[in-house]
Amino acid sequence: MLEEAVSLTRQVLHQKDGLKDPEGILVALLEDLSAARPALLAAAADRVLRQAGTPEMARRLLRGPAKSDAVVRHHAAMLLMAESLRTLRESVFYHHLTDIEV
């Protein structure tokens, strides 16, 4: 089952431009695993989120049943922190702070 999840992830990534909601497919995959095969969720979430994780996926997973898994929460937190850092680095305020000589 784990290899099927990884294979689906690769297919979604390969065809993402032609899909209406590629992130939704991967979120649904992980949510289905959380209900049907909770023992596989952590391993599948680790592989899926490392390959295809986005901040939006993280938000969606944290609103759904997969949020109870520690691996899902860990990767979601990392994705959201990375997005926050990217946003901060692009802000005028950050550039103003980093331009100050000490």
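The shown structure was predicted, so the numbers you read here are calculated from the model rather than taken from an experiment. (Residues numbered from 1 in each chain as written. Predicted model: local features only at pLDDT ≥ 70, side-chain atom pairs only at ≥ 80, totals over all residues. Heavy atoms only, no water.)

1. Re the overall build of the chain
Of the regular secondary structure elements, the chain holds 6 helices and 0 strands. Going from the N terminus to the C terminus, the chain shows its helices and strands as α-α-α-α-α-α. The C-alpha atoms of the chain give 16 Å as radius of gyration, which overshoots the globular expectation for 102 residues (13 Å, by more than 25%). Dimensions of the chain along its principal axes, counting C-alpha atoms only, are 55 × 30 × 20 Å. Scored against the burial criterion, the 102 residues of the chain give a buried share of 29%. Summed over all atoms, the accessible surface of the chain reaches about 6,700 Å², with 57% contributed by carbon and sulfur. In the chain, 13 positive and 14 negative side-chain charges are present, and the distance between their average locations comes to 4 Å. (Helix = DSSP H or I, 4+ residues; strand = E, 2+ residues; numbered from the N terminus. Rg over C-alpha atoms; globule rule 2.2 N^0.38 Å. Buried < 20%, exposed > 50% of the residue type's maximum accessible area, 1.4 Å probe, protein only. Areas by Shrake-Rupley, 256 points an atom, 1.4 Å probe, with all protein chains shown as cover. Lys, Arg positive; Asp, Glu negative; His and termini not counted. Charge placed at Lys NZ, Arg CZ, Asp CG, Glu CD.)

2. Details of the environment of Lys 20
One can find Lys 20 in the loop between helix H1 (2–14) and helix H2 (22–36). Taking the C-alpha atoms as reference points, Lys 20 and Ala 5, 15 residues apart in sequence, are found 19 Å from one another.

3. Quick look at the side chain of Asp 69
Position of Asp 69 relative to the elements: it lies in the loop between helix H4 (55–63) and helix H5 (70–89). Of the buried charged residues, Asp 69 lacks a salt bridge, with Arg 73 as the closest side chain of opposite charge at 6.9 Å. Side-chain polar atoms of Asp 69 contact the backbone nitrogen of Val 71, separated by 3.0 Å. When near neighbours in sequence (up to four residues on either side) are disregarded, Asp 69 contacts Leu 41 and Ala 42. (Salt bridge = Lys/Arg side-chain N within 4 Å of Asp/Glu carboxyl O. Polar contact = N/O pair within 3.5 Å; in protein donor to acceptor, adjacent residues only side chain to side chain. Contact = heavy atoms within 4.5 Å.)

4. Topic: the pattern of salt bridges
This model, assessed by the stated rule, comprises 6 salt bridges. In this structure, Glu 56 engages Arg 59 in a salt bridge whose closest nitrogen and oxygen atoms are separated by 3.8 Å. Placement of both Glu 56 and Arg 59 in helix H4 is noted, with a separation of 3 residues, approximately one turn of the helix. Its salt-bridge partner being Glu 56, residue Arg 63 comes within 3.8 Å of it at the nearest N-O pair. Classification of Arg 63 as exposed rests on a relative accessible area of 59%. One salt-bridge network, held together by shared partners, links Glu 56, Arg 59, Arg 63 and Glu 83.

5. What about a nonpolar patch on the surface?
Together, Leu 85, Leu 88, Phe 93 and Leu 97 make up an exposed nonpolar region whose accessible area comes to about 380 Å². At the level of elements, H5 and helix H6 (92–99) are the ones that each hand at least two residues to the nonpolar patch. Considering the arrangement of structural elements, one finds Leu 85 in helix H5. Residue Leu 85 is classed as partly exposed on the basis of its relative accessible area of 41%. (Patch = residues over 30% accessible without salt bridge, like charges linked within 9 Å, V, L, I, M, F, W, Y side chains within 5 Å.)

Such coordinate-based values are descriptive only and should not be taken to indicate function.
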